[in-house]
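Coordinate inspection notes
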Amino acid sequence: MSRYEEAKKKFAALGVDTDAAMERLKTAPVSIHCWQGDDVIGFDHDGPLTGGIQTTGNYPGKATTPEQLMSDFDKAISFCPGAKKLNLHACYAIFEDGEFVDRDKIEPKHFAKWVEFAKERGLGLDFNPTFFSHDKVKDGLTLSSPDEETRKFWIEHGKACIRISQYFAEETGVPCVMNIWTGDGYKDIPADRMGPRMRYKESIEEILSEPYDKDKVKPCVESKVFGIGVESFTAGSAEFSLTFAATHDGCLPLMDNGHYHPTEVVSDKIPALLCFFPEIALHITRGVRWDSDHVVLYDDETREMAKEIVRCDALDRVYMALDYFDASINRVAAWVVGVRSWQRALLTAMCTPNETLKKLQDENRLTELMVKQEEVKMLPWGDIWDEYCARCGVAKDGEWFDEVMKYEKDVLLKR
Ligand code: RNT
Ligand code: ZN
């Protein structure tokens with residue numbers, strides 16, 4: 001009997017159908033961020049990354065052209081099981097023949113190459129207006145700026161992005177999640193907290209007044225507790241963003257698990273929000289001490305978030321996107337480790353005897369619950385994971401890293 005067959009029996013004895021779990025997982029799309037490949041730079045500006053986020057490290061070989069980024073992304077996803085989407089930022093517009101337009105004027109045609117890329121690979125597309133790394137970010141502010149010209153520019157950018165998101169959804173046939181995040185905030189104690197938030201609210205409302213099909217475009221607002229250089233105040237705080245989404249039809253809350261106080265966990269917030277919102281969105285990352293956007297690993301909180309999505313039976317209600325950027329290691333490997341870790345967490349969640357465990361809780365058999373939850377941790381997960389990789393036609397653990405190193409030697413180091 002194969003290792004998988006052996007393992008399958010063990011899970012079946014607990015009431016878990018591992019074949020069904022793998023089939024289901026194959027169809028749950030995970031959105032992969034393009035920005036791991038080039039340290040969140042994009043193609044529409046020469047300046048540095050701003051907005052209270054930072055990449056550190058200068059590992060050689062980063063992508064600097066659309067062709068390079070596409071090639072690296074292809075290499076990465078060849079090692080990633082499961083259904084995938086490509087998550088783009090507006091700053092990844094591709095201008096051709098010397099054309100250039102500012103962010104308030106971008107159009108679907110500036111993303112036609114990405115659409116072609118996505119369609120050839122059967123990927124859905126997600127989108128993000130880029131409210132950072134730009135000279136029209138005035139005094140660190142965009143949508144909450146007291147300067148009307150600045151605010152208007154960024155509103156127009158948001159509207160342009162709604163139109164592009166609609167185009168993505170129409171072209172791919174898959175809904176496009178459009179996430180609004182800005183780094184707007186203050187380093188030190190502000191004299192006015194409500195003014196910026198009222199302007200932020202009105203700006204997002206104006207963006208969302210752009211016509212779009214609610215089944216095709218899923219606008220989100222992403223909250224954040226602080227950023228680098230904006231430690232004392234952010235306009236889009238947790239309460240602001242959550243309430244905005246709750247009071248604006250069609251707008252989803254987006255929780256990034258690096259954006260809360262260190263002892264808060266997004267795993268606990270997922271079921272809380274699912275009690276009220278038909279759909280929610282996530283940025284899956286790994287915070288280390290502060291919002292550091294480290295590569296996602298198969299760690300406790302990652303597993304706990306996956307568990308919540310699965311046991312709330314919410315794979316169809318939660319838009320899952322990865323969001324991290326590490327410039328200190330091989331970027332292709334960083335992508336692969338993050339995607340595989342999240343897939344692993346989802347697979348583990350799906351092969352956990354969730355119903356049995358819930359019953360123990362409801363019957364107040366809490367000692368037994370603790371014992372069973374600990375025993376589950378030692379199940380032969382690796383054998384299920386190997387089988388899942390094989391069924392998805394991607395390399396098993398231990399069989400992809402050498403290929404990435406070969407790609408580094410043959411391609412990345414020659415740049
Ligand atoms: C920043 C937010 C945001 C960005 C991307 C690049 O803290 O998490 O989602 O990481 O838009
Ligand atoms: Zn994020």
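For the structure, see preceding data.
Counting from 1, residues in each chain are numbered in the order their sequence is written. Chain letters start at A and ligand numbers start at 1, both assigned in the order the entries are written. Selection of residues for local features in this predicted model requires a pLDDT of at least 70, selection of side-chain atom pairs for listing and counting requires 80 or more, and totals for whole chains, interfaces and linings are taken over all residues. The basis for every side-chain value is the complete set of heavy atoms in the structure, and neither hydrogens nor water enter the calculation.

Okay, the site of ligand 1 next. Note on definitions. A residue lies near a molecule or strand when any single heavy atom of the residue is within 4 Å of it. Within the structure, ligand 1 sits among 13 residues, and His 89, Glu 222, Lys 224, His 259 and Asp 323 are positioned closest to it. Whenever two N or O atoms come within 3.5 Å, that pair is a polar contact, provided that in protein one can donate a hydrogen and the other can accept it, and provided that, for residues adjacent in sequence, both atoms are side-chain atoms. With respect to ligand 1, the side chain of Glu 222 contributes an N or O atom lying 2.7 Å from an oxygen atom. Coverage of ligand 1 by the protein amounts to 100% of the 310 Å² it exposes when considered alone. All amino acids are sorted into three groups, where Ala, Val, Leu, Ile, Met, Phe, Trp, Tyr, Cys and Pro are nonpolar, Asp, Glu, Lys and Arg are charged, and the leftover types, Gly among them, are polar. Residue composition of the shell around ligand 1, by class: five nonpolar, three polar and five charged. Residue burial considers only the protein chains on display, and all accessible areas are found by Shrake-Rupley using a 1.4 Å probe.

All right, on to the coordination of the zinc ion (ligand 2) then. All of the protein donors around the zinc ion (ligand 2) are Glu 222 (OE), Asp 256 (OD), His 283 (ND1) and Asp 323 (OD); their distances to the metal are 2.1 to 2.2 Å. Distances up to 2.8 Å from the metal define which N, O and S atoms are donors, and 3.2 Å serves for Na, K and Ca; water is absent from the atom set, so sites may look incomplete. In these descriptions, tetrahedral denotes four donors with every angle between 85 and 135 degrees, square planar four donors and octahedral six donors with opposite donors over 155 degrees apart and the rest between 65 and 115, and irregular any other case. Here the zinc ion (ligand 2) binds six donor atoms, and the angle range of 72 to 173° at the metal identifies the geometry as octahedral. Positions of the donor residues of the zinc ion (ligand 2), expressed as sequence spacing, correspond to E-x33-D-x26-H-x39-D. Remark: His 283 occurs in strand 9 (residues 280-284) and Glu 222 occurs in strand 6 (residues 217-222); sequence separation between them is 61 residues. His 283 matches Glu 222 in its accessibility class, with the two residues each being buried. The helix count covers DSSP runs of H or I at least four residues long, the strand count covers runs of E at least two residues long, and both are numbered beginning at the N terminus. Summary of the burial criterion: residues with accessible area below 20% of their type's maximum are buried, those above 50% are exposed, and those between are partly exposed, where the area comes from a 1.4 Å probe applied to protein chains only.

With that out of the way, let us pick up helix 11 (residues 354-362). Within helix 11, burial applies to Asn 354, Leu 357 and Leu 360. Take helix 11 and look down its axis: the buried residues cluster within an arc of 125°, on one side only. In helix 11, the exposed residues that point more than 90 degrees away from the buried face are Glu 355 and Asp 362. Working rule for contacts: check all heavy atoms of both residues, and any pair within 4.5 Å makes them a contact. Here the buried face of helix 11 lies against helix 9 (300-311), helix 10 (331-350) and helix 12 (366-376). Positive backbone phi, at 60°, marks Asn 364, one or two positions downstream of helix 11. Arc, as used here, means the arc of the directions from the helix axis to the C-beta atoms.

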